[in-house]
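Structural overview
Read off the chains here:
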Amino acid sequence: MKKSLNILLLISFVLTVMVPVTGIHIHKLAATVFLLLSIIHIVTHRKKLNFKRWMLLVLILFSFISGLSGMILEEYPIILRVHDISSIGLVFFLAIHTFVFHKKMILHSSYKRHV
């Protein structure tokens, strides 16, 4: 279950990031699915949440809300710039989160094989 959730998170994230290729409508749909899957992911891993992971969720919500606000308030382009900047930061923090998670998973699985 958790592995399929992680794969769906990856697919929705990739579709969200590929705005120039897929278009804005797919971006909006994929971003919504990514937000929902992120919340489900946090619920399934809630025992492991620390401050950094809560801040990652806050950044995901902020990026989503700023994108939604930028879509509604088109006459204020600064909101979309804030969305762009927070989304770029989010990509870096999610990459770090994924790297740390996979590093722990690889170390844990190699430890199981030797024991």
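Calculation rules
- Residues numbered from 1 in each chain as written.
- Predicted model: local features only at pLDDT ≥ 70, side-chain atom pairs only at ≥ 80, totals over all residues.
- Heavy atoms only, no water.
- Helix = DSSP H or I, 4+ residues; strand = E, 2+ residues; numbered from the N terminus.
- Contact = heavy atoms within 4.5 Å.
- Areas by Shrake-Rupley, 256 points an atom, 1.4 Å probe, with all protein chains shown as cover.
- Expected span 1.5 Å × (residues − 1).
- Buried < 20%, exposed > 50% of the residue type's maximum accessible area, 1.4 Å probe, protein only.
- Phe/Tyr/Trp six-rings, centres within 6.5 Å; stacked < 30°, edge-to-face > 60°.
- Core = buried A, V, L, I, M, F, W, Y, C linked by side-chain atoms within 4.5 Å.
- pLDDT = per-residue confidence, 0-100.
- Arc of directions from axis to C-beta.
- Polar contact = N/O pair within 3.5 Å; in protein donor to acceptor, adjacent residues only side chain to side chain.

**Digging into the overall build of the chain**
A tally of regular secondary structure across the chain gives five helices and zero strands. For the chain, the α and β elements follow one another from N to C terminus as α-α-α-α-α. Counted over contacts in the chain with a minimum sequence separation of 6, partners at least 24 positions apart contribute 63%. For the chain, the computed accessible surface area is about 8,700 Å², with 77% contributed by carbon and sulfur atoms.

**Re helix α3 (residues 24-44)**
Under the 1.5 Å per step criterion, the end-to-end length of α3 is 30 Å for 21 residues, consistent within 8% with the ideal 30 Å. All buried positions along α3 are accounted for by His27, Ala30, Ala31, Phe34, Leu35, Leu37, Ser38, His41 and Ile42.

**Examining the packing of aromatic side chains**
Counted according to the given criterion, the structure contains one aromatic pair. Ring centres of Phe13 and Phe34 lie 5.6 Å apart, and the angle between their planes is 45 degrees; on these two criteria the pair is classed as tilted. With Phe13 in helix α1 (residues 2-17) and Phe34 in helix α3, this residue pair connects regions lying 21 residues apart in the sequence. The class of Phe13 is partly exposed, set by a relative accessible area of 21%.

**Description of the nonpolar core**
Formed by Leu5, Leu9, Phe34, Leu35, Leu37, Leu56, Leu59, Ile60, Leu90 and Leu94, the largest nonpolar core amounts to 10 residues. Mapped onto this core, the elements with two or more residues apiece are α1, α3, α4 (51-72) and α5 (77-114). The residues contacting Ile60, other than those within four sequence positions of it, are Phe34, Leu35, Ser38, Leu90 and Leu94.

**A few points about the confidence of the model for the chain**
Here the chain averages 84 in pLDDT, and 89% of its residues register 70 or above. Within the chain, the lowest mean pLDDT, 78, falls on α5, and the highest, 90, falls on α3.

**A few points about α1**
In an α-helix, one turn spans 3.6 residues, which is why side chains three or four residues apart end up on the same side. In a regular helix each residue adds 1.5 Å, so 16 residues correspond to 22 Å; α1 covers 22 Å between its end C-alpha atoms and thus fits that length. Along α1, the positions that sit buried rather than exposed are Leu5, Leu9, Ser12 and Thr16. Along α1, the residues classed as buried sweep out an arc of 75 degrees about the axis, all on the same side. Counted as exposed and oriented over 90 degrees from the buried face of α1: Lys3 and Leu10. The inward-facing, buried residues of α1 abut α2 (19-22) and α3.

**Considering the side chain of Ser12**
Examined against the element boundaries, Ser12 turns out to sit in helix α1. Using a relative accessible area of 5% as the deciding quantity, one classes Ser12 as buried. A distance of 3.0 Å separates a polar atom in the side chain of Ser12 from the backbone oxygen of Leu9. Once residues within four sequence positions are removed from consideration, Ser12 is found in contact with Ala30, Val33, Phe34 and Leu37.

**Focus: the side chain of Ser38**
Counting through the fold element by element, Ser38 comes out in helix α3. We classify Ser38 as buried; its relative accessible area is 5%. Side-chain polar atoms of Ser38 contact the backbone oxygen of Phe34, separated by 2.7 Å. The contacts of Ser38, once residues within four sequence positions are left out, are Leu9 and Ile60.

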